[in-house]
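# Structure at a glance
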Amino acid sequence: NKAISSGLKITHINGHNHMHIFPKVIDVVVKLAKKYNVKHVRIPFEHVTSGLIHDFSKTAKIKMIQNKLKTTDAFYGILNMHDMNFDKMSIILKSIKNGINELMVHPAYIDKNGDSFHQSRQREEEIKLLKNNKIKQLIKKQNINLTNFLQL
């Protein structure tokens, strides 16, 4: 309510550490998305994963479809969350099909006062990776248009 009353344009719903996909929580997410006319919900459903996030994401994606809410057609990055590198990103970019796809990365500069995740060198490596000219060329070659939820 605070965000909406401040005039902030809510483009999508997402939860910290994907908590919004948990059973019962996703039902509240759907209800709130409809109430506040938020069309998109971020669902981390990566086809090649398994386990709770995969199962919860699959169920959440079905709920999105049933409730005429939108999410991405494909999601990438959970498998490589702590070790994304040039080769892995290249493979992902080459495998992207037509539609709306999300690649999850966590680029950031190290926060010496943060927890281990915020002090991870991997986050700085992802900044370099996203700025890499070969990656930029591959994105162009694959005819991938970069976007965000506001533009969807």
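Quick note: structure is the one above.
Just so you know, these numbers come straight off a predicted model, no measurement behind them.

A few words on the layout of surface pockets. To find leftover empty space, one rolls a probe the size of a water molecule over the atoms. Approximately 810 Å³ is the volume attributed to the largest pocket. Elements with a contribution of two residues or more to the lining of the largest pocket: α4 (86–95), β4 (101–103) and α6 (133–141). Looking at the lining of the largest pocket residue by residue, the classes come out as 13 nonpolar, nine polar and three charged. Size it by volume and the second largest pocket reaches roughly 400 Å³. Its residues placed into classes, the lining of the second largest pocket shows eight nonpolar, seven polar and one charged.

Next up on the list: empty space enclosed by the protein. Per the counting criterion, the structure on display carries one cavity of 30 Å³ or more. Of the pockets and cavities examined, the largest cavity occupies roughly 30 Å³. In this structure, the largest cavity is lined by Met81, His82, His106, Phe117, Ser120, Gln122, Arg123 and Glu126. Looking at the lining of the largest cavity residue by residue, the classes come out as two nonpolar, four polar and two charged.

Turning our attention to the pattern of salt bridges. As a working rule, side chains carrying opposite charge can pair if their charged atoms are close by. In this structure the tally under the stated criterion is five salt bridges. Its salt-bridge partner being Lys63, residue Asp27 comes within 2.5 Å of it at the nearest N-O pair. Pair noted here: Asp27 is in helix α2 (residues 25–35) and Lys63 is in helix α3 (residues 52–66), with a separation of 36 residues, a long-range link. Here Glu102 makes a salt bridge to Arg42, at a shortest N to O gap of 2.5 Å. Taken as a pair, Glu102 in strand β4 and Arg42 in the loop between β2 (40–41) and α3 lie far apart in primary sequence, 60 residues in all. Overall, the relative accessible area of 13% leaves Glu102 in the buried class. For Arg42, a relative accessible area of 12% gives the class buried.

Rules and cut-offs
Residue numbers run consecutively from 1 along every chain, following the written order of its sequence. Note on the predicted model: pLDDT of at least 70 is required for a residue's local features to be given, and 80 or more for side-chain atom pairs to be given and counted; whole-chain, interface and lining totals, by contrast, use all residues. Think of the side-chain values as coming from all heavy atoms in the structure, minus any hydrogens and water. Within this scheme a cavity is a closed region of a 1 Å grid, computed over the protein atoms alone, that accommodates a 1.4 Å probe without allowing it to escape, whereas a pocket is open but has protein on both sides within 12 Å along at least five of seven lines; lining residues each have an atom within 4 Å of a point. Grid points are joined across faces, edges and corners, and a volume is the space filled by probe spheres set on the points. Strands here mean DSSP runs of E at least two residues long; helices mean DSSP runs of H or I at least four residues long; both are numbered from the N terminus. Asp, Glu, Lys and Arg are counted as charged, while Ala, Val, Leu, Ile, Met, Phe, Trp, Tyr, Cys and Pro are counted as nonpolar; the rest, among them Gly, fall into the polar class. What makes a salt bridge here is a side-chain nitrogen of Lys or Arg within 4 Å of a carboxyl oxygen of Asp or Glu, nothing more. With a 1.4 Å probe rolled over the protein chains alone, any residue whose accessible area is under 20% of its type maximum counts as buried; one over 50% counts as exposed, and the rest are partly exposed.

Function-wise, these values are silent; they only describe arrangement.
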